[in-house]
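Results of the structural survey
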Protein chains: 2
Amino acid sequence: MAELVEITDPADPRLGDYRDLRDVELRKHLEAEHGLFLAEGEKVVRRAVEAGYHPRSFLMAPRWLDGLADVLDRSDAPCYVLSEDLAEQVTGFHVHRGALASLERRPLPSLDDVLAGARTVLVLEDLVDHTNVGAIVRSGAALGFDAVLLAPRCADPLYRRAIKVAMGAVFALPWTRLPDWYDALPDLSGRGFTTVALTLAPDAVPIEDAVSGQGKVALVLGSEGHGLSARWEQAADRRAIIPMARTIEHGVDSLNVAAATAVACYVTARR
Amino acid sequence: MAELVEITDPADPRLGDYRDLRDVELRKHLEAEHGLFLAEGEKVVRRAVEAGYHPRSFLMAPRWLDGLADVLDRSDAPCYVLSEDLAEQVTGFHVHRGALASLERRPLPSLDDVLAGARTVLVLEDLVDHTNVGAIVRSGAALGFDAVLLAPRCADPLYRRAIKVAMGAVFALPWTRLPDWYDALPDLSGRGFTTVALTLAPDAVPIEDAVSGQGKVALVLGSEGHGLSARWEQAADRRAIIPMARTIEHGVDSLNVAAATAVACYVTARR
């Protein structure tokens, strides 16, 4: 079972994994270098461990020990116990629901493995907002999608905020990085998927028409600001739009990418 | 036209409206007391002014003056000009896209006014997350809903983060507070709306069935954690669910409230 280690000094070197969590750039470097990610909150910590990720350590205030007792019982990683004030000094932010865990990343599965048996997949190009990535993975899981594929530059689904917004769905839904950006969509078409790009392009058809009667469908989503690259928009088999009620000429009354994805997943699941 | 006032001291008392923007509790007090709200980013500032809200002042770094020149030309409020570093010292955070405005709130319209001619409305009970409120208003506007009604304790749509996530749709879509929580839904039924509560209750029917063939529809949404109150869940004419593919017994593979609302709005708009 996890050894409980009481911490009284916020500069304790054993807390390195948890330091300066608000500094996104520093974290990206640290997490890539050391191959770790952080789970936050009792439910999400539990789900990460139950999904088979190996904890490097836990960090929590005393009152969260009981709720995670069974998880700690089954782990040999140390659990750093400290006051909520100290935790805030170390991490730089108010720890949501008191508990954190640092876990080891695993090698990403191959595209073949992720796509084996899959009938509906989400394909994310260059999303930058971890909240959107998390929300999209959560919607995909809830609406029965089988996998998520990420372009090489898409934001990390194992970033703390993405995991939290996804409520841990990033552990349940298989995902991986696409090895090749340029030919990613033709490759999916070659594997029998109809690639459907969500876009405001002039030749976009309503999403219901785009997916109607299709067997295997890959929904393709672009970045928050500029949407899909020209390459991906053109390489997709179909271009589709969520029909909206108001003109979007002022660029405001449109759906954000997470809301559009939820609608598109719903429609695709019922095609 | 707006007078440009160069600021070199972050403690300048004229910047009171913009101080400590990260302190949610302080802001709630200040904004209620002084009847103000803040718009952030060039597009959102422009949209607030064009919607008729009266600016108390603007605050921006020099490089944003050009983009908002026409807005400043038409205003008699002062524009505080300062470096981005100083702006961050005053506000306590990195100002997104450089420009802020403090604007006067207006008296909320009456329920009668907001509902005049409305056929589809969103009704939010006790949502606490400003991001969700903003995302829901944006989806409602994009998918052609006519109004948003808020229970007395629902989070403020004019809070800075809600406005930002809504991309200013809170200025375009009519909204108001419900005067009475307890009888809010029966009152809407009395006005000819079919009130449809989104819930995981055992007698919930798929959302498509719940809205099919209905004339005036009010979609009713509960808080992020606990959903609707028992009173509202029972008082609604119908209870509806977004059919999901996976079991939700672990409480994780469900849609979040903003994603569920986007789907429900889409289905309702096409009923």
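Source: prediction; values computed, not measured.

1. Focus on the pattern of salt bridges
Residues and elements named next belong to chain A. Applying the stated rule across the entire model yields 34 salt bridges over all chains. Note that E50 and R46 form a salt bridge whose closest N and O atoms lie 3.9 Å from each other. Here E50 pairs with R46, and both are found in helix 2 (residues 42-50), just four residues apart, close to one helical turn. Connected via shared salt-bridge partners are R27, E31, R105 and D156.

2. Digging into the UniProt feature "domain: MRM3-like substrate binding" (unreviewed entry) in chain A
Under the present numbering, the feature "domain: MRM3-like substrate binding" (unreviewed entry) in UniProt falls on residues 23-91 of chain A. The distance from the first to the last C-alpha atom of residues 23-91 of chain A is 10 Å, and the span holds 48% helix and 20% strand.

3. Section: the interface of chain A and chain B
On the chain B side, the residues contacting the 32 residues of chain A number 32 residues. Together, the buried faces of chain A and chain B total about 2800 Å²; carbon and sulfur atoms form 53% of this surface. Taken together, the connections running from chain A to chain B amount to two salt bridges. If you look at where chain A meets chain B, you find eight residue pairs in polar contact (both at pLDDT 80 or more).

4. Some remarks on the sheet that holds strand 8 (residues 175-177) of chain A
All names here are of chain A. Spatially, the seven strands line up as an open sheet ordered 8-7-6-11-9-12-10, and their pairing is parallel. Across the chains shown, the open sheet's two edge strands, defined by having one partner strand only, are strand 8 and strand 10 (205-206). When strand 7 (residues 147-150) meets strand 8, the two strands line up parallel, connected through three bridges. Across the sheet, the residue bridging to V148 is W175, located in strand 8.

5. Considering the packing of helix 6 (residues 130-142) of chain A against helix 12 (residues 257-269) of chain A
Residue and element names in this part refer to chain A. At a minimum axis distance of 9 Å, the contact between helix 6 and helix 12 shows a crossing angle of 10 degrees. Here helix 12 runs roughly parallel to helix 6, going by the angle between their axes. Judged by the twist between their axes, the crossing of helix 6 over helix 12 is right-handed. Judged by residue contacts, N132, A135, I136, S139 and G140 of helix 6 engage V257, A258, T261, A262 and C265 from helix 12. Its residues assigned to classes, the contact of helix 6 with helix 12 shows six nonpolar, four polar and no charged.

About the thresholds
Residues numbered from 1 in each chain as written. Chains lettered and ligands numbered in written order. Predicted model: local features only at pLDDT ≥ 70, side-chain atom pairs only at ≥ 80, totals over all residues. Heavy atoms only, no water. Salt bridge = Lys/Arg side-chain N within 4 Å of Asp/Glu carboxyl O. Helix = DSSP H or I, 4+ residues; strand = E, 2+ residues; numbered from the N terminus. UniProt positions renumbered as here; feature names shortened; annotations may be inferred. Contact = heavy atoms within 4.5 Å. Buried area = accessible area lost by both parts, 1.4 Å probe. Polar contact = N/O pair within 3.5 Å; in protein donor to acceptor, adjacent residues only side chain to side chain. Pairing = 2+ DSSP bridges. Axes fitted to C-alpha atoms, helices over the stretch in contact; angles between N-to-C directions. Parallel < 35°, antiparallel > 145°, perpendicular 65-115°, else oblique. Left-handed = near helix turned anticlockwise from the far one by under 90°. Nonpolar A, V, L, I, M, F, W, Y, C, P; charged D, E, K, R; others polar.

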